[in-house]
Amino acid sequence: MHLSTTIPLLALLPTLALSHGLITSPPSRPIGPALTANCGSAVYKKIASDNTSYVEALPDAASKDPSFNPSLCNLWLCKGLQFADNPAANVQTWTAGQEVPVKIWLRIPHEGIANVSVVDAKKNQVVGDMLKVWSKGYAPGRKEADVPIEQREFSVTVPEGLEERCVTAGDCVLQWWWFGTGAKQTYESCVDFKIVKPAVKERAFRA
Ligand SMILES: [Cu+2]
């Protein structure tokens, strides 16, 4: 929803449900049956109606839903979207040092702060340094074209040292996180990946 801070009640009106943003490339986590199972059907319905909507809309819906399981559904990591719902073909295979092009769909801007980081999904902990940080001025303007292209299309470098922690898909995510400081809305979108060691180098060491 395009929520105005001066008229917060409008946020309750479903007719105002407008999109905000998510990662479109590489493919980000979609909705699916695991989301319903772990987060409940209320959360599922909210994300299904607008897959780019903000996190703050979800905890209230979840708290009234007996099927919401907070030990399996962290709404503040990937908006609660579940690894099990991501088709295997969407899981990226990366090596340290690789440049990964990322595209963001920013349908409605809200100026604020943003970052891209690798998150340990079990511990909900950012691993190492953030790969991108916008400490101010992210997503200004009123429409997507107002947002500087380098905030919507950029590359991140896969860090060193993830070879054990992120060797299994689902253990780590690449998360794009954005908070509109005026709107007070948080957006999260996650890419699943696994780290492999570069095969060519291994052979070279053994030779
Ligand atoms: Cu909004």
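Residues numbered from 1 in each chain as written. Predicted model: local features only at pLDDT ≥ 70, side-chain atom pairs only at ≥ 80, totals over all residues.

Draft legend 1. Structural view of the overall build of the protein chain. When helices and strands are tallied, the protein chain shows five helices and nine strands. Reading the helices (α) and strands (β) of the protein chain from amino to carboxyl end gives β-α-α-α-β-β-β-β-β-α-β-β-β-α. Buried residues in the protein chain amount to 32% of all 207 residues. Put simply, 71% of the contacts in the protein chain that link residues at least 6 apart link residues at least 24 apart. (Helix = DSSP H or I, 4+ residues; strand = E, 2+ residues; numbered from the N terminus. Buried ≥ 20, exposed ≤ 12 C-beta atoms within 10 Å, placed from the backbone. Contact = placed C-beta atoms within 7 Å.)

Draft legend 2. Representation of the environment of Ala 84. Here Ala 84 shows up in the loop between α3 (58-63) and β2 (92-94). Spatially, the C-alpha atom of Ala 84 lies 6.2 Å from that of Ala 34, the residues being 50 residues apart in sequence.

Draft legend 3. Representation of helix α2 (residues 41-49) in the model. Of all the positions in α2, only Val 43, Tyr 44, Lys 46 and Ile 47 are classed as buried. The buried residues of α2 occupy an angular sector of 165° when the element is viewed end-on, so they sit on one face. Close packing links the buried residues of α2 with α1 (33-39) and α3. (Arc of directions from axis to C-beta.)

Draft legend 4. Structural context of the sheet that holds strand β1 (residues 21-25). Pairing is antiparallel in the open sheet, where three strands are placed in the order β1-β3-β7. Among the strands making up the open sheet, the edge pair consists of β1 and β7 (153-157). For this sheet the average axis-to-axis angle between neighbouring strands, irrespective of direction, equals 40°. Relative to strand β3 (residues 99-106), β1 is paired through four bridges, and the arrangement is antiparallel. In the strand pairing of β3, Gly 21 is matched with Leu 106. (Pairing = 2+ DSSP bridges. Axes fitted to C-alpha atoms, helices over the stretch in contact; angles between N-to-C directions.)

Draft legend 5. Up close: the nonpolar core. Ranked by size, the top nonpolar core spans 41 residues in total, and within it Val 43, Leu 174 and Trp 178 carry the most contacts. Every element with two or more residues in this core is listed here: β1, α1, α2, β3, β4 (112-120), β8 (172-180) and β9 (185-195). Among the elements that make up this core, the one with the highest residue count is β8 (six residues). Residues in contact with Trp 178, not counting those within four places in the same chain, are Gly 21, Gly 112, Ala 114, Tyr 138, Ala 139 and Tyr 187. (Core = buried A, V, L, I, M, F, W, Y, C linked by C-beta atoms within 7 Å.)

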